[in-house]
Amino acid sequence: NMSMVYNDLGDPAEGLRLCRQGLAIFEQIGDEPRQAIARYELGNNALYLGRWDEAREQLDGAVALAQRLGLDARLLNSYWCLGLLELFRGDAAACERYFQLSLERALSPSSGDKRLAADVLWHLGFLAMVR
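Remember, predicted model here, so these are calculated numbers, not experimental data.

Q: Tell me about the confidence of the model for the chain, and please be specific about residues and values.
A: In the predicted model, the chain carries a mean pLDDT of 94, and the fraction of residues at 70 or more is 100%. Taken element by element, the predicted model of the chain shows its lowest mean pLDDT in helix H1 (residues 2–8) (88) and its highest in helix H4 (residues 52–69) (97).

Q: So what's going on with the pattern of salt bridges? Which residues, and what values?
A: Scanning the entire structure with this criterion turns up ten salt bridges. The closest approach of N and O atoms between Asp-53 and Arg-89, which form a salt bridge, is 2.7 Å. On the criterion of sequence distance, the pair formed by Asp-53 in helix H4 and Arg-89 in helix H5 (residues 72–89) is long-range, its members being 36 residues apart. Taking relative accessible area as the criterion, Asp-53 reaches 60% and is therefore assigned exposed. Residue classification places Arg-89 among the partly exposed residues on the basis of a relative accessible area of 35%. Taken together, the shared-partner salt bridges connect Arg-56, Asp-60 and Glu-86 into one network.

Q: Residue-level account of the packing of helix H6 (residues 92–106) against helix H7 (residues 114–130), with values.
A: With their axes 9 Å apart at the nearest point, H6 and H7 run at an angle of 160° to one another. Considered as vectors, H6 and H7 are oriented roughly antiparallel to each other. H7 is crossed by H6, and the crossing has left-handed handedness. Contacts between H6 and H7 involve Ala-92, Cys-95, Glu-96, Phe-99, Gln-100, Ser-102, Leu-103 and Ala-106 from the first element and Lys-114, Leu-116, Ala-117, Val-120, Leu-121, His-123, Leu-124 and Leu-127 from the second. Partitioned by chemical class, the residues of the contact of H6 with H7 number eleven nonpolar, three polar and two charged.

Q: Explain the packing of aromatic side chains to me, and be specific about the residues and the numbers.
A: Within the structure shown, the criterion is met by three aromatic pairs. On the basis of an interplanar angle of 25° and a centroid distance of 6.1 Å, the ring pair of Trp-52 and Phe-88 is categorised as stacked. Here the residue Trp-52 occupies a position in helix H4, and Phe-88 occupies one in helix H5, the gap between them amounting to 36 residues. Relative accessible area serves as the criterion here: at 30%, Trp-52 is assigned to the partly exposed category. The class for Phe-88 is partly exposed, based on a relative accessible area of 38%. On the basis of an interplanar angle of 5° and a centroid distance of 5.8 Å, the ring pair of Trp-122 and Phe-126 is categorised as stacked.

Q: I'd like a description of helix H2 (residues 12–29), backed by residues and values.
A: Each turn of an α-helix holds 3.6 residues, which means side chains three or four residues apart point in the same direction. With 18 residues, H2 should cover 26 Å at 1.5 Å per step; its first-to-last C-alpha distance of 25 Å lies within 8% of that length. Those residues of H2 lying buried are Pro-12, Glu-14, Gly-15, Leu-16, Leu-18, Cys-19, Gly-22 and Leu-23. Buried residues belonging to H2 abut H1, helix H3 (32–48) and H4. Immediately beyond the C-terminal end of H2, within one or two residues, lies Gly-30, with a positive phi of roughly 75°.

Reading the values: rules and limits
Residues numbered from 1 in each chain as written. Predicted model: local features only at pLDDT ≥ 70, side-chain atom pairs only at ≥ 80, totals over all residues. Heavy atoms only, no water. pLDDT = per-residue confidence, 0-100. Helix = DSSP H or I, 4+ residues; strand = E, 2+ residues; numbered from the N terminus. Salt bridge = Lys/Arg side-chain N within 4 Å of Asp/Glu carboxyl O. Buried < 20%, exposed > 50% of the residue type's maximum accessible area, 1.4 Å probe, protein only. Axes fitted to C-alpha atoms, helices over the stretch in contact; angles between N-to-C directions. Parallel < 35°, antiparallel > 145°, perpendicular 65-115°, else oblique. Left-handed = near helix turned anticlockwise from the far one by under 90°. Contact = heavy atoms within 4.5 Å. Nonpolar A, V, L, I, M, F, W, Y, C, P; charged D, E, K, R; others polar. Phe/Tyr/Trp six-rings, centres within 6.5 Å; stacked < 30°, edge-to-face > 60°. Expected span 1.5 Å × (residues − 1).

This is the structure we're talking about:
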């Protein structure tokens, strides 16, 4: 949680450092759902630091865990972040695919979140503008 706070405060380097500590603990105790959360947060912090390869590695790990464990909300966030990463890398088609995957989960009647759907739609609109 401290990692998330530091990211929100604009200090992704400290967020990354703290999240690495958390991930090590979650791996040690075998807590896979929290590993998925930590990997997403690591990817998100790495993204804001311009460490795109590290961001990709962590986000791919978050997706793999979330898919295996059925964590739709974690998939939603991870796909959104991967979309943003692809936007930064200049691959608009990959960006759109990830945003669409995120939107599908945000609109899910069983586990969706309309507020997050609105955020993803905003990003899709932004993508359409820059294309």
